[in-house]
Structure formats: C-alpha cells, structure tokens
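Reading the structure
In case you want the letters, here they are:
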Amino acid sequence: MTFASVSDLPAVLFVPGNKPDLFDKALAGGPPAIVIDLEDAVAPDAKNQARTHVHAWFAAKKPRSAFAGVRLNSAMNRFGIADLHRFCDGSARPDFYVLPKVESATEVLQVHRLSQGVPLICIIESALGLRHAFDIAQAAPSVAALGFGAADLSADLRATMDWEPMLVARSLVVQAAAAAGVGALDVPYLNLRDESGLEAECRRAKALGFTGKFSIHPRHVAGILDAFLPSEQEAARAAAILKAADDAQGHVVAFEGRMIDEAILRSARRIVTLAKAREGHA
Ligand code: GLV
Ligand code: MG
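Criteria and cut-off values
- Residues numbered from 1 in each chain as written.
- Chains lettered and ligands numbered in written order.
- Predicted model: local features only at pLDDT ≥ 70, side-chain atom pairs only at ≥ 80, totals over all residues.
- Heavy atoms only, no water.
- Near = heavy atom within 4 Å.
- Polar contact = N/O pair within 3.5 Å; in protein donor to acceptor, adjacent residues only side chain to side chain.
- Areas by Shrake-Rupley, 256 points an atom, 1.4 Å probe, with all protein chains shown as cover.
- Helix = DSSP H or I, 4+ residues; strand = E, 2+ residues; numbered from the N terminus.
- Donors = N, O, S within 2.8 Å, 3.2 Å for Na, K, Ca; no water.
- Buried < 20%, exposed > 50% of the residue type's maximum accessible area, 1.4 Å probe, protein only.
- Pairing = 2+ DSSP bridges.
- Axes fitted to C-alpha atoms, helices over the stretch in contact; angles between N-to-C directions.
- Contact = heavy atoms within 4.5 Å.
- Right-handed = clockwise from strand over helix to strand, strands pointing away.
- Domains from an automatic or database assignment.
- Buried area = accessible area lost by both parts, 1.4 Å probe.
- Salt bridge = Lys/Arg side-chain N within 4 Å of Asp/Glu carboxyl O.
- Phe/Tyr/Trp six-rings, centres within 6.5 Å; stacked < 30°, edge-to-face > 60°.
- Lys NZ or Arg CZ within 6 Å of the ring centre and 35° of its normal.

Attention shifts here to the site of ligand 1. Neighbouring ligand 1 are Arg71, Glu125, Gly149, Ala150, Ala151, Asp152 and Val187. Between ligand 1 and the protein, one listed contact pairs an oxygen atom with a side-chain N or O atom of glutamate 125 at 2.8 Å. Within the contact set of ligand 1, an oxygen atom lies 2.8 Å away from a backbone nitrogen or oxygen of alanine 151. Coverage of ligand 1 by the protein amounts to 87% of the 190 Å² it exposes when considered alone. Examining the composition of the shell around ligand 1, we find that 3 residues originate from one element, helix α7 (residues 150-157), more than from any other.

In structure tokens:
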C-alpha cells in the first residue's frame, strides 16, 4: 500500500508513546500509518520520559515502511508547549503531527509556523472546536486532515458516544474537511472484540464522507482498510465508468442506465486512485 499524502490515509494506528518497544512492532504489522501518542495514552508524570523516547525514535531516521506521526499534547497546555519545543527544532521530523483538542485557527497557525511544514491532523473534540471546524480546516496549508474525537466531544457535550447523539457533529467535521479539501478521519472503534460493530461503524462513517478511521488496536486495521478502500469490484466499475466517458469523447453517455455526469466522474476518479494506492502504485 502506498499513499501519496497524509490526507489520503485510510487507517492510522495509535501506539502509546510510553511503550517504545511497540513502535517498530506496530509498523511491522503493515498499517498505512502509525501515530505515536504523547497525549491521552501517557500519564502526566510519564510525559517527559515518553517525549524523550519518541523524539529519539524519530531522530534516529531509520527507514520506515509507512507514515509515522506523533500526537502532541494540546498546544494550549504546558505539555503541548514542551512537545513543540522538543520537536520543532528540526532534529526529528515525523511525517505528520496530530493536534488534539484544537479549538481555533490561531492555534493551528501557531503550530504551523513552528513545525516547518510537517502535515497536521487536527482533532475536533470540543463544542468550541466544532464551532470553529471550518476555520481550523483552512487555517494553514499544512492541515492535511481533520479528526473526529468522539470520546472527548461526548464528555464536553454532556452526550453519549452513540451514533445518533454524535451524528450532527460527525457530519460537521466531514463538511469542514471537504470544504477545505482535506481528509477526514473518524474516531477509533473502542470495542476491541466486536468485529461486526467495527464493520458497521466503518460503513456508516464512510457513507457520511469520512476518508478513513483511527484505530487503537492493530487487529482493527484490516477491517478499516476493507471498509474504506474500494473492493476489486468497485474499482473495476469505476474504471469502466471512466473508460465509457473517455470513449464518448465529450458526448453524453449512460452507464448502467444512468447518465455519467461530472459528479459520477469525480467519485470514479477517487475510487480508481484509492484502488491504485491499495495495490501500491500511488
Ligand atoms: C479522541 O481523541 C477522542 O477523544 O475520541
Ligand atoms: Mg480525545
């Protein structure tokens, strides 16, 4: 699997920042991307040590088989400031940063200026973040995707994390990401043993417009890829639509009884690009 950019990633696997023995192991499992977490996976009194491990791992500049990023702490608290201070001198360059609890475009711009163009995935997970999601997605050229953080958001909204209470917020995150032309990554599925629940949630998130999903367990990555990447059948159908339009040379043409318009062509092009990425030819 080869993805051209962070905005195309269909699955991003979390790895705890305080478990350095898992960093290489997580990559070896073959996910398209891992994100090493310095935020919620690491207790306050373990942050300094985890930061040192994570920084050293990236500074070693070992060749990597997939995208690898870091979830920093919020740029609005002392842990996040310390993370930025450690990482932004350029001595280690992750492929992307995940910024949690983003609530304003100014905050993103500040990180953008400090982080030398490293792509950013901004997680929307508060009521204020939701209100500013469109501005956040467009705050800086390095914003590659928005993430949806249902756990923190549900607590902030005094709601439950179920599909219906989160639906409007999920949709808003997709809309903000689409308006900015960046990716949209859904929250990890938290029930590790419920494969059919994972499949159902992936299907719904994809139908809503998410381009991928975070994962907290390697076991979930394959299911997420299956849901978000086109099947062979879908890829063949999309290729046939493009060929029919090509053969028509600008004339009106129908496919399976429906006129091929620009909207259908856009979706077909996206499917063909994703299918190529799955095969490793991005
Ligand atoms: C992710 O960070 C979440 O809060 O769901
Ligand atoms: Mg969170």
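Around the magnesium ion (ligand 2), the protein contributes the donor atoms Glu125 (OE) and Asp152 (OD), which lie 2.0 to 2.1 Å from the metal centre. Of the two residues, glutamate 125 sits in the loop between β5 (120-124) and α5 (127-131) while aspartate 152 sits in helix α7, which places them 27 residues apart along the sequence. Look at glutamate 125 and you get buried, because its relative accessible area is 5%. According to the relative accessible area criterion, aspartate 152 is partly exposed, its value standing at 27%.

A separate point is the sheet that holds strand β2 (residues 33-37). Sheet architecture is closed into a barrel: 8 strands sit in the order β1-β2-β3-β4-β5-β6-β7-β8, paired in parallel fashion. Each adjacent strand pair in this sheet contributes to an overall mean axis angle of 25°, direction not counted. The pairing of β5 with strand β6 (residues 143-148) spans 5 bridges and is parallel. Bridging across to β6, isoleucine 121 finds its partner in alanine 145.

Before going further, it helps to examine the side chain of serine 154. Relative to the assigned elements, serine 154 resides in helix α7. Among the residues examined, serine 154 registers a relative accessible area of 6% and is labelled buried. Ignoring sequence-local partners within four residues, the contact set of serine 154 consists of Ala159, Thr160, Met161 and Met166.

Burial of the side chains of strand β8 (residues 212-215) extends over both faces: Gly212 and Phe214 are buried on one face and Lys213 and Ser215 on the other. Bridge count between strand β1 (residues 11-16) and β8: 3 bridges; the pairing is parallel. When the sheet's bridge partners are listed, leucine 13 is paired in β8 with serine 215. Two elements, strand β7 (residues 183-186) and β8, share 2 bridges in a ladder whose sense is parallel. Residue pairing for β8: leucine 185 is matched across the bridge by glycine 212. At this point the chain moves from β7, through helix α9 (residues 195-208), to the parallel β8, and the crossover so formed is right-handed.

Attention now goes to the domain arrangement of the protein chain. By domain assignment, the protein chain separates into domain 1 (6-228) and domain 2 (232-281). Distance between the C-alpha centres of domain 1 and domain 2: 31 Å. Listed by partner, the interface residues are 5 residues for domain 1 and 4 residues for domain 2. Roughly 280 Å² of surface becomes buried between domain 1 and domain 2 when both sides are summed, with 31% attributable to carbon and sulfur atoms. Sorting the residues of domain 1 by area buried against domain 2 places Lys206, Thr211 and Asp226 first, and these three jointly supply 56% of that buried surface. Our enumeration of links across domain 1 and domain 2 arrives at 2 salt bridges. Ionic pairing is found between glutamate 234 and lysine 206, a salt bridge with its closest N-O pair at 3.9 Å.

A separate point is the packing of aromatic side chains. Aromatic ring pairs are described here by two measures, namely the spacing of the ring centres and the angle between the planes. Under the defined criterion, the tally for this structure stands at 5 aromatic pairs. Both rings, one in phenylalanine 87 and one in tyrosine 97, keep their centres 6.2 Å apart while their planes meet at 80°; by these two values the pair is edge-to-face. With phenylalanine 87 in helix α3 (residues 78-87) and tyrosine 97 in strand β4 (residues 96-99), this pair connects stretches of sequence that are 10 residues apart. Summarising the burial analysis for this pair, phenylalanine 87 and tyrosine 97 share the class buried. Three or more aromatic residues joined by ring pairs make a cluster, and in this case those are Phe23, Trp57 and Phe58. Directly above the aromatic system of phenylalanine 79 lies the positively charged group of lysine 47, at a separation of 5.4 Å from the ring centroid.

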